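Remarks on the overall topology
This is what each chain is made of:
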Amino acid sequence: MKSDGDGYLVLRVAEGFLDLPHTVHAMALSAAGVPRGVTTIALPDGLSVNQWDLVWSGSAYVFACSALQPQSTLRKNQGSVWRTSISRDANVLSPPSRVETQGMSEVVLASNGTGALQVWAALPRARLAVRR
Amino acid sequence: MTAQLVDAAGAALGLPFPVTHSAPPQRHQEVAWNGQEFLVVWSEATGLFMGRLTADGNPIDGRGVQIANEDAAPLGFAVAFDGHAFIITWTDVSALFAQRVRSDGAVDGTPVIVGEQSRPYFINRALPATVAEAASWHGSTVVRCAARCFAMACRRLPPNSSRSPNMLPSLRSSSMAATTSLPWRHRSLLRHRVHGTVYPLAAMSGCFA
């Protein structure tokens, strides 16, 4: 849930091991909590939303995510990175666009009030540490 | 680790660029904006690092500046801007730390221990304060004490100080099944859930005064 200063956008990303593909359900609320609109965001080619973030950029909500492979019984990272924008009444202003083709896992956003910075990175292989 | 600036409508501004020249792989990242620059915080196998970016996306700190020396990557971390300085919080297996970073990128003093715990803290987000409380930091932390025991703890760092933080009351309940939180200015929407019933967190006096 993020605020635009005069309302909110509530996101729910379907979470379930086998109920792929995961999509994003968005509901816009006024400051008083009155629904302004709803929408669903789905990635193309059956990709599922994996890690995601949302910010208010100043005139739109910017949503970014990484993707999971379709029809996978394992939550295998497909690694592409996507971005879309959503209005304050939950209309999708621009369809999801791919900004990285593969190999990435983590995505974060930060707003500067007139735009945003999107950062993404691969998730390195796990490393176990033993404290002595 | 790569970044790209986007305009208010979400359209790309220029090409993606590297955030750091660090050779080791980076994992996890958080970003905050102070009105002039971004501060990106990330972890590597040897600890926690930070690097500033100008408003137009130029990295200032090259490889990045190490702010926590660990023999393992931190368990979790977050960054926020409190109106005067960036506040970076992170956890290891024993404690939750906070470190101020001035807008010029200088690390302000040494990390303070916000809380110690026999079990790891799991940071939700470091939440920025309101403008009226810009000199203070307001953090919201979800603490997992045991498998079925959750708690929410809040600590306030004295303004412009790296001394030990005030110890505001912690919300701790073995029956607190889940917590959610929003930035401080929307505190009326802060909620916690106990046995399926949602209560306004702001009604809990003391913690968010």
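Since we're looking at a predicted model, the values are computed, not measured.

The rules behind each value
Residues numbered from 1 in each chain as written. Chains lettered and ligands numbered in written order. Predicted model: local features only at pLDDT ≥ 70, side-chain atom pairs only at ≥ 80, totals over all residues. Helix = DSSP H or I, 4+ residues; strand = E, 2+ residues; numbered from the N terminus. Buried ≥ 20, exposed ≤ 12 C-beta atoms within 10 Å, placed from the backbone. Contact = placed C-beta atoms within 7 Å. Pairing = 2+ DSSP bridges. Axes fitted to C-alpha atoms, helices over the stretch in contact; angles between N-to-C directions. pLDDT = per-residue confidence, 0-100. Nonpolar A, V, L, I, M, F, W, Y, C, P; charged D, E, K, R; others polar. Core = buried A, V, L, I, M, F, W, Y, C linked by C-beta atoms within 7 Å.

Scanning chain A from terminus to terminus reveals 0 helices and 10 strands. When the elements of chain A are put in sequence order from the N terminus, they spell out β-β-β-β-β-β-β-β-β-β. Looking at chain A as a whole, 42% of its 132 residues are labelled buried. Restricting to contacts in chain A with at least 6 residues of sequence separation, those with at least 24 account for 47%.

Turning to the overall build of chain B, a few remarks are in order. Within chain B, the secondary structure is distributed over 0 helices and 18 strands. Sequence-distant contacts in chain B: of pairs separated by 6 or more residues, those separated by 24 or more amount to 40%.

For the rest of this paragraph, the subject is the sheet that holds strand 2 (residues 7-13) of chain A. Strand order in the open sheet formed by 4 strands is 1-2-3-4 (chain A), and the pairing between neighbours is antiparallel. The open sheet has two free edges, formed respectively by strand 1 (2-3) and strand 4 (35-41) of chain A, since each of these has just one partner strand.

As a further point, take unusual backbone geometry. Residue and element names in this part refer to chain A. At Asp-45, a residue that is not glycine, the phi angle is positive and equals roughly 60°. Structurally, Asp-45 is set in the loop between strand 4 and strand 5 (48-56). Classification of Asp-45 by C-beta neighbours within 10 Å gives exposed; the count is 12. In this structure, Ala-90 is a non-glycine residue whose phi angle is positive, near 70°. You can see Ala-90 is positioned in the loop between strand 7 (77-86) and strand 8 (92-100).

Within the secondary structure layout, Ala122(A) lies in the segment after strand 10 (115-121). On the basis of neighbour count, Ala122(A) is assigned to the partly exposed category, with 19 C-beta atoms found within 10 Å. Taking the C-alpha atoms as reference, Ala122(A) lies 21 Å from Pro44(A); in sequence the two are 78 residues apart. Not counting residues up to four positions away in its chain, the partners in contact with Ala122(A) are Gly103(A), Met104(A), Ser105(A) and Pro25(B).

Pairing within the open sheet is antiparallel, and its 4 strands lie in the order 9(A)-10(A)-1(B)-2(B). The sheet is open, and its two edges are formed by strand 9 (106-111) of chain A together with strand 2 (12-18) of chain B, each paired on a single side. Here the average twist between neighbouring strands, direction ignored, is 20°. Across 6 bridges, strand 10 of chain A lies against strand 1 (residues 2-7) of chain B in antiparallel orientation.

Residue and element names in this part refer to chain B. Averaged over chain B, the pLDDT score is 63; the fraction of residues at 70 or greater is 49%. Looking over chain B, one finds the lowest element-wise mean pLDDT in strand 12 (residues 137-146), namely 31, and the highest in strand 1, namely 94. Contacts for the low-pLDDT stretch residues 118-156, under 50 throughout, to residues beyond four places or in other chains number 121 contacts. For residues 162-209, every residue scores under 50 in pLDDT, and the model assigns this stretch 88 contacts once sequence neighbours within four places are set aside. Overall fold confidence for the complex sits at a pTM of 0.74, while the interface term, ipTM, reaches 0.85.

This part is about the interface of chain A and chain B. Across the boundary between the two partners, chain A contributes 32 residues, which contact 31 residues of chain B. Every element with two or more residues in the side of chain A that touches chain B is listed here: strand 7, strand 8, strand 9 and strand 10 of chain A. A total of 7 residues in the side of chain A that touches chain B trace back to one element, the largest contributor, which is strand 10 of chain A. Of the residues assigned to the side of chain A that touches chain B, the class counts are 16 nonpolar, 12 polar and 4 charged.

A few words now on the nonpolar core. For soluble globular proteins, the rule of thumb is that nonpolar side chains tend to be buried together. Residues Ala110(A) and Val40(B) are the most contacted members of the largest nonpolar core, which totals 66 residues. Looking at which element gives the most residues to this core, the answer is strand 6 (residues 61-68) of chain A, with 7 residues. Setting aside anything within four residues of it in sequence, one finds Ala110(A) in contact with Val55(A), Ala116(A), Leu117(A), Val31(B), Ala32(B), Trp33(B) and Phe38(B).

Next up on the list: the pairing of strand 8 (residues 86-91) of chain B. Residues and elements named next belong to chain B. Counting buried residues in strand 8 gives 6 out of 6 residues, a clear majority hidden from the surface. Alternating residues of strand 8 divide into Phe-86, Ile-88 and Trp-90 and Ile-87, Thr-89 and Thr-91, and every residue in both groups is buried. By the bridge criterion, 6 bridges tie strand 7 (residues 76-81) to strand 8 in an arrangement that is antiparallel. Residue pairing across strands places Ala-80 opposite Ile-87, the latter belonging to strand 8.

When a strand is regular, its side chains alternate between the sheet's two faces. Residues and elements named next belong to chain A. With 7 bridges joining them, strand 2 and strand 3 (residues 24-30) adopt antiparallel strand pairing. What sits directly across from Val-10, in strand 3, is Met-27. Here strand 3 pairs with strand 4 via 6 bridges, running antiparallel. Bridging across to strand 4, Met-27 finds its partner in Val-38.

Moving on to the environment of Leu123(A). All names here are of chain A. Position of Leu-123 relative to the elements: it lies in the segment after strand 10. We classify Leu-123 as partly exposed; it has 17 C-beta atoms within 10 Å. On a C-alpha basis, the gap between Leu-123 and Gly-103 in space is 8.5 Å, while along the polypeptide they are 20 residues apart.

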